[in-house]
Amino acid sequence: MLPNSLPAPELFLPTSGEPALRWGIIGPGWIAGAFADALHAHSDQRVVAVGSRSQERADVFAAKHGIEHALGSVDALVSHPQVDVVYIAAPQSEHEALGLQAIAAGKHVLIEKPFTVTAAEARSLTEAARAAGVFIMEAMWSRYLPQASVLRQLLADGALGEVRSVLADHGQSIPTDPTHRLNRPDMAGGALLDLGVYPMQFAFQALGAPETIQAIGALTESGVDAYATVVMGHGGVGQSVVTTSMVARSHTSASIAGTDASITFAGPFYNPSSFRLVAAEHFGPVVEWSDPTPLRGFDALSWEATALARYVAEGRLESPVHTHEETIGIIGALQEARVQLGAVGAVREEVAA
Ligand SMILES: NC(=O)c1ccc[n+]([C@@H]2O[C@H](COP(=O)([O-])OP(=O)(O)OC[C@H]3O[C@@H](n4cnc5c(N)ncnc54)[C@H](OP(=O)(O)O)[C@@H]3O)[C@@H](O)[C@H]2O)c1
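All figures in this text were calculated on a predicted structure; none of them were measured in a lab.

Student: Could you give an account of the overall build of the protein, naming the residues involved and the relevant values?
Tutor: Along the protein, the regular secondary structure elements total ten helices and 14 strands. Relative to the compact-globule value of 20 Å for 353 residues, the protein shows a C-alpha radius of gyration of 20 Å, a close match. Reported as C-alpha extents along the three principal axes, the dimensions of the protein are approximately 60 × 50 × 35 Å. Here the protein, with 353 residues, has 51% of them falling under the buried criterion. Put simply, of all contacts in the protein between residues at least 6 apart along the chain, 68% involve residues at least 24 apart.

As structure tokens, this is what we get:
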């Protein structure tokens, strides 16, 4: 039986009691620009400072996005007295080191996906943040979208019955230019970490951490994973299949099948999207849902920022919908798949050597 009505999403709407935090950005590249614009347009959060490895790039970014303080070093950014929370949007190879710097300066931290390159790095960051009493979470914006809230409630209510399988995909066609960060082992490139993190976190959300992981795929000439299929067993009769590719733009949809019903998110499932809930019996009822809010595409990055401000005000140190332990597990599963494929950098020391 499908529910008569779908649960209403919990929305991380601005002006619902959360503080207007003052944000500092490290890594003023592509996603950082989208993030700053989304915050200023759709939340009460304010980007007050940007830190770059170059004063000139900081100046250009600050002027373009209406940011008061343009700073020519990471040190200046993390130690700036007006910054409450640091958003790290540098490549993943830098996430752990930059995160530790921000934590040492006593700031709350939001780190772009993938949180880190290895599970050990993820654990080091979360332990350091907890010891310092600051909040840290991965900028897994998909978890803070309205659809994620509806899905959480459906799973908690048992609307799908026993969850048996998950299929989730994320493939993009990335330029083959060897200098592109996704083709570079020294920048922790590869499909799994950068794109596969989305379907992997989706599988974790429905079935929890896997007990077994089997990966097939292929490497680029530079030695990072070009594509992968990861088949996971979750104990009992739970299974998941995560596919990812940086050599083909794929359907990017995701589905969960349970004993009573299945749910399928249209691609791209990690963006504001729609879903169909289908009863398990043949020709059974179908319920359709689509995001009722006006936020589409990267405007929806604002949800995670408002959520973070609310969590900080509640005195939390981690996201209740994406805990530290789960974050470490997701990075660990991606790392295991990369190790099985022989990707350069799956064991971090290989790159440092
Ligand atoms: N949430 C999403 O939808 C989404 C989308 C795209 C990317 N991302 C994530 O966001 C991060 C950045 O991606 P992006 O596409 O925005 O990258 P990008 O355009 O290349 O920007 C990254 C910025 O990081 C800074 N940086 C610091 N250390 C660096 C280093 N060692 N090498 C190169 N740049 C360095 C650079 O700024 P300065 O040189 O000025 O310091 C650069 O502009 C990645 O972790 C990625 O996975 C998330």
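Student: Lay out the site of the ligand with the relevant residues and their values.
Tutor: In the vicinity of the ligand, 21 residues are found, and the nearest of them are G27, G29, S52, A90 and E112. Broken down by element, the shell around the ligand gets its largest block of residues, three residues, from helix α1 (residues 30-42). Its residues placed into classes, the shell around the ligand shows nine nonpolar, five polar and seven charged.

Student: Account for the environment of S319, with residues named and values stated.
Tutor: Tracing the backbone shows S319 in the loop between α8 (301-313) and α9 (324-341). Sequence-distant contacts of S319, defined by excluding residues within four places in its chain, comprise M137 and Y311.

Student: For α9, give the residues involved together with the corresponding values.
Tutor: The end-to-end C-alpha separation of α9 is 26 Å, in line with the 26 Å expected for 18 residues at 1.5 Å each. With 13 of 18 residues buried, α9 is to be regarded as a mostly interior element.

Student: Requested: an account of the sheet that holds strand β6 (residues 136-139), with residues and values cited.
Tutor: Spatial ordering of the open sheet is given by β3-β2-β1-β4-β5-β6, a layout of six strands whose pairing is parallel. In this open sheet, the two edge strands, each paired with only one partner strand, are β3 (69-71) and β6. Ignoring which end each strand starts from, the neighbouring axes of this sheet average 25° apart. Examined bridge by bridge, strand β1 (residues 22-26) and strand β4 (residues 85-88) share four bridges and lie parallel to one another. Among the inter-strand pairings, G24 is bridged to a residue of β4, identified as V86.

Student: Account for the nonpolar core, with residues named and values stated.
Tutor: Considering soluble globular proteins, one finds that nonpolar side chains tend to be buried as a cluster. In terms of nonpolar packing, the biggest core is built from 113 residues, with V86, I88, V109 and A203 touching the most fellow members. Counting residues per element, this core draws most heavily on helix α7 (residues 191-207), at twelve residues. Split by domain, this core shows at least three residues from each of two domains, domain 1 (22-142) and domain 2 (146-295 + 322-352). In this structure, V109 is in contact with V85, V86, I88, G99, A102, I103, A129, V134 and I136, ignoring residues within four places of it in sequence.

Student: Describe the domain arrangement of the protein, with residues and values.
Tutor: Looking at the assigned domains, one finds that the protein contains domain 1 (22-142) and domain 2 (146-295 + 322-352). The C-alpha-based centres of domain 1 and domain 2 are spaced at 25 Å. Taken together, the contacts link 18 residues of domain 1 with 22 residues of domain 2. Counting only elements with at least two residues in the side of domain 1 that touches domain 2, the list comes to α5 (119-132) and β6. No other element matches the four residues that α5 contributes to the side of domain 1 that touches domain 2. Its residues assigned to classes, the side of domain 1 that touches domain 2 shows eight nonpolar, seven polar and three charged.

Student: Quick one: what's the story with the sheet that holds strand β12 (residues 261-265), residue by residue and with numbers?
Tutor: If you trace the eight strands from one edge of the open sheet to the other, you get β8-β9-β10-β7-β11-β12-β13-β14, paired in mixed fashion. Where the open sheet ends on each side, the last strands, each with one partner, are β8 (212-219) and β14 (286-290). Sheet twist, expressed as the mean angle between neighbouring strand axes with direction ignored, is 10°. Docked against the sheet, α7 engages β7 (163-171), β9 (225-233), β10 (239-245) and β11 (254-258), running at close to 160° with respect to β7. Contacts from α9 reach β8 and β9 within the one sheet, and its direction differs from that of β8 by about 55°.

Student: Quick rundown of helix α2 (residues 55-65)? Include the residues and the values.
Tutor: The set of residues buried in α2 consists of A58, F61 and A62. Viewed along the axis of α2, the buried residues span an arc of 100°, placing them on a single side of the element. Along α2, exposed side chains directed more than 90 degrees from the buried face belong to E56 and A63. Of the surrounding secondary structure, the elements contacted by the buried residues of α2 are β2 (46-51) and β3.

Student: Talk me through the packing of helix α4 (residues 95-104) against α5; I want residue IDs and the actual numbers.
Tutor: Running from N to C, α4 and α5 cross one another at 5°; their axes reach a closest spacing of 10 Å. It follows that α4 is roughly parallel to α5 by the angle criterion. Seen from α4, the contacting residues are E96, G99, L100 and I103; seen from α5, they are E121, S124, L125, A128, A129 and A132. For the contact of α4 with α5, the residue count by class is six nonpolar, two polar and two charged.

Calculation criteria
- Residues numbered from 1 in each chain as written.
- Predicted model: local features only at pLDDT ≥ 70, side-chain atom pairs only at ≥ 80, totals over all residues.
- Helix = DSSP H or I, 4+ residues; strand = E, 2+ residues; numbered from the N terminus.
- Rg over C-alpha atoms; globule rule 2.2 N^0.38 Å.
- Buried ≥ 20, exposed ≤ 12 C-beta atoms within 10 Å, placed from the backbone.
- Contact = placed C-beta atoms within 7 Å.
- Near = placed C-beta within 6 Å.
- Nonpolar A, V, L, I, M, F, W, Y, C, P; charged D, E, K, R; others polar.
- Expected span 1.5 Å × (residues − 1).
- Pairing = 2+ DSSP bridges.
- Axes fitted to C-alpha atoms, helices over the stretch in contact; angles between N-to-C directions.
- Core = buried A, V, L, I, M, F, W, Y, C linked by C-beta atoms within 7 Å.
- Domains from an automatic or database assignment.
- Arc of directions from axis to C-beta.
- Parallel < 35°, antiparallel > 145°, perpendicular 65-115°, else oblique.

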